[in-house]
Amino acid sequence: MFTNQTHLQHLLRPDQYTSEEQYRAELRHLFQPAWHPLAVKSDLARPGDFLTFDLLETPILVRNFGGELRAFLNVCPHRHSRLTDKPRGNTERLRCQYHGWEFNAEGRTGKIPDARAFRPWDRDNSCLRRFAVETCGDVVFVNLGENPVPLREWLGAVWEPWQDYGGDYRHAATWEKDFPCNWKIVLENSLESYHIPEVHPKTFKEYSAEENSWHELTDTFTSFRTVPPSDWPTRAGNWMVRRLGRPVENMYWHRVRHPHVTGASLDVMRIMQCVFPTGPATCRYRSLFFTLRGARRGPLAWATYRFLRPIATAVAKKVFDEDGRIYGGVQQGLVASPHRGVIGTREERIFHFQEYVTRGCRGPRELTVAADRA
Ligand code: FES
Ligand SMILES: [Fe+2]
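The rules behind each value
- Residues numbered from 1 in each chain as written.
- Chains lettered and ligands numbered in written order.
- Predicted model: local features only at pLDDT ≥ 70, side-chain atom pairs only at ≥ 80, totals over all residues.
- Heavy atoms only, no water.
- Buried < 20%, exposed > 50% of the residue type's maximum accessible area, 1.4 Å probe, protein only.
- Helix = DSSP H or I, 4+ residues; strand = E, 2+ residues; numbered from the N terminus.
- Pairing = 2+ DSSP bridges.
- Donors = N, O, S within 2.8 Å, 3.2 Å for Na, K, Ca; no water.
- Tetrahedral: all angles 85-135°; square planar, octahedral: opposite > 155°, others 65-115°.
- Expected span 1.5 Å × (residues − 1).
- Domains from an automatic or database assignment.
- Contact = heavy atoms within 4.5 Å.
- Buried area = accessible area lost by both parts, 1.4 Å probe.
- Axes fitted to C-alpha atoms, helices over the stretch in contact; angles between N-to-C directions.
- Phe/Tyr/Trp six-rings, centres within 6.5 Å; stacked < 30°, edge-to-face > 60°.
- Core = buried A, V, L, I, M, F, W, Y, C linked by side-chain atoms within 4.5 Å.

A.B. asks: It is not clear to me how the pairing of strand S10 (residues 139-143) should be interpreted in this structure. Could you clarify?
C.D. replies: On a regular strand, one side chain projects to one face of the sheet and the next to the other, so that they alternate. In terms of burial, S10 is a largely internal element, five of the five residues being buried. Side chains Val139, Phe141 and Asn143 of S10 all project onto a buried face; the interleaved residues Val140 and Val142 project onto the opposite face, where all are buried too. Pairing geometry for strand S2 (residues 35-40) and S10, over five bridges, is antiparallel. For Val40, the partnering residue across the bridge sits in S10 and is Val139. The pairing of strand S9 (residues 130-136) with S10 spans five bridges and is classified as antiparallel.

A.B. asks: Explanation requested: the coordination of the iron ion (ligand 2) in the structure shown.
C.D. replies: By definition of the ideal shapes, a tetrahedral metal site with four donors has angles of 109.5 degrees and an octahedral site with six donors has angles of 90 or 180 degrees. Taken together, His195 (NE2), His200 (NE2), Asp323 (OD) and Asp323 (OD) make up the protein donors of the iron ion (ligand 2), found 2.1 to 2.5 Å from the metal. In this structure, the iron ion (ligand 2) is surrounded by four donor atoms whose angles at the metal cover 55 to 142 degrees, and the resulting shape is irregular. Motif for the iron ion (ligand 2), donor spacing along one chain: H-x4-H-x122-D. Of this pair, His195 sits in the loop between helix H3 (183-190) and helix H4 (196-199) while Asp323 sits in helix H6 (residues 299-324); the two residues are 128 residues apart in sequence, bridging distant segments of the chain. Of the two residues, His195 and Asp323, neither departs from the other in class, the shared state being buried.

A.B. asks: It is not clear to me how helix H8 (residues 348-362) should be interpreted in this structure. Could you clarify?
C.D. replies: Given 3.6 residues per turn, any residue in an α-helix points the same way as the ones three and four places further on. In a regular helix each residue adds 1.5 Å, so 15 residues correspond to 21 Å; H8 covers 21 Å between its end C-alpha atoms and thus fits that length. The buried fraction of H8 amounts to 11 of the 15 residues, a majority that puts the element mostly inside the structure. Turning to H8, its buried residues number three or more, namely Glu348, Arg349, Ile350, Phe351, His352, Phe353, Gln354, Tyr356, Val357, Thr358 and Cys361.

A.B. asks: Would you mind showing me how to read the domain arrangement of the protein chain here?
C.D. replies: Per the domain assignment, the segments making up the protein chain are domain 1 (8-32 + 158-373) and domain 2 (35-148). Domain 1 and domain 2 are separated by 31 Å when their C-alpha centres are compared. Contacts between the two partners involve 22 residues from domain 1, matched on the other side by 21 residues from domain 2. Of the roughly 1,600 Å² buried between domain 1 and domain 2, counting both surfaces, carbon and sulfur atoms make up 61%. If you sort the residues of domain 1 by the area they bury against domain 2, Gln32, Phe276 and Arg286 come out on top, with a joint share of 26%.

A.B. asks: Help me out: how do you make sense of the sheet that holds strand S12 (residues 213-217) in this one?
C.D. replies: What holds strands together in a sheet is hydrogen bonding between their backbones, with the strands either parallel or antiparallel. Pairing within the open sheet is antiparallel, and its seven strands lie in the order S11-S17-S16-S15-S14-S13-S12. Each having just a single partner strand, strand S11 (169-179) and S12 make up the two edges of the open sheet. Across this sheet, the average inter-strand angle for adjacent strands is 15 degrees, counted without regard to direction. By the bridge criterion, six bridges tie strand S13 (residues 221-226) to strand S14 (residues 252-257) in an arrangement that is antiparallel. Following the sheet pairing, Thr226 is matched in S14 by Tyr252. Of the strands in this sheet, S11, strand S16 (269-279) and strand S17 (282-292) are in contact with H6, which crosses S11 at around 20 degrees.

A.B. asks: I'm lost on the packing of aromatic side chains in this one. Help?
C.D. replies: Between two aromatic rings, the relevant description is the distance of the centres plus the angle of the planes. Within this structure, the stated rule accounts for 15 aromatic pairs. Ring centres 5.6 Å apart and planes at 80 degrees place the aromatic pair Tyr165 and Phe290 in the edge-to-face group. Of the two residues, Tyr165 sits in the loop between helix H2 (151-155) and S11 while Phe290 sits in strand S17, which places them 125 residues apart along the sequence. Residue classification places Phe290 among the buried residues on the basis of a relative accessible area of 0%. Between Phe179 and Tyr327, the aromatic rings sit 4.9 Å apart at their centres with planes inclined by 85 degrees, giving edge-to-face as the arrangement. Here Tyr327 lies in helix H7 (residues 327-336) and Phe179 lies in strand S11, a separation of 148 residues in the sequence. The same class applies to Phe179 and to Tyr327, which are both buried. Put simply, the rings of Trp175, Phe179, Tyr285, Phe289, Phe320 and Tyr327 pair up and form one aromatic cluster.

A.B. asks: Before we go on, may I ask you to explain the nonpolar core in this structure?
C.D. replies: Residues Ile60, Val142, Leu155 and Trp183 are the most contacted members of the largest nonpolar core, which totals 86 residues. With residues near it in sequence (within four places) discarded, Leu155 still touches Cys136, Phe141, Trp162 and Arg257. Among the nonpolar cores identified, the runner-up in size contains 12 residues, and Leu61, Phe65, Trp101 and Leu128 belong to it.

A.B. asks: It is not clear to me how the environment of Lys205 should be interpreted in this structure. Could you clarify?
C.D. replies: Counting through the fold element by element, Lys205 comes out in the loop between H4 and S12. The exposure class assigned to Lys205 is exposed, which follows from its relative accessible area of 57%. Considered as a pair, Lys205 and Pro120 are 85 residues apart in the sequence and their alpha carbons are 70 Å apart.

Structure (structure tokens):
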């Protein structure tokens, strides 16, 4: 059942999906304090493995130092080069690609070619800037803030359910795609099932009835839980779930930790998705996809896992691509829109998301004023 019985105000104005000022406020107030899921532990399994990202206008490098994951600004203190331009790799030492300065696990300089040329040594300008790294299940999160709250505290209610991203579920694929739209369009699309018959007509056909749907709505997190509609291919899936030693729950859960981290779960899969603004009207959508492996071992369980993985991955990718086709049109509509918009009861999680954005960027007083006007 939905919480609200009447339609809700579309709190965000169209210009808040296009303006530079809003984008800057969101980067500062919503994204700077947030944790960002970027990778899985197996991406960085061996000492020396590294990944680089352009995260919220900040180039970062995450690396395995003797079994411990560390994140640094991917910028050298010598003459500002990126340490590496490679998206991923493995190196014995962390060395800048330009003049070969080396850095240890603390981000301090090690070997420097022709070090005498830098006497007296400028200690204050010799360290890499470091960022916090923590994991939830197998997912590696990074925070760009100075003194972040611990990941567990930040995730709050989703910490526990997201522990099994890893565990019984094994990483199968990572997708990343840039879209010509504001990040909130992607996030809001993930918060409602209303678009299913139009956007996914062949994949799902219908959305769940209200009596089979439950929303949980809080300040920092919302969830949607439903019994999947009968046309979803559940029978073969249920057989595989039992073969892999998991109980069949036959429940779809979608959770979001505002502003931008979502987790979707079905018995056969887990998907963690995160959308990053890359400009006022552009974003990057990153998906970490896991399929059920379960605790059971032996040839039948192995064969079931190997069979399930590509099918589940293909279905999830199809849904990802179908949603991807709508975002550009929504952005173009917003640019030209004379309307104030409206949110239906099935879309009520969007209202809570917009409240979070409004509160975070403008402060509580202006939110009250906006509510009074409604
Ligand atoms: S810029 Fe990195 S070593 Fe020179
Ligand atoms: Fe969708």
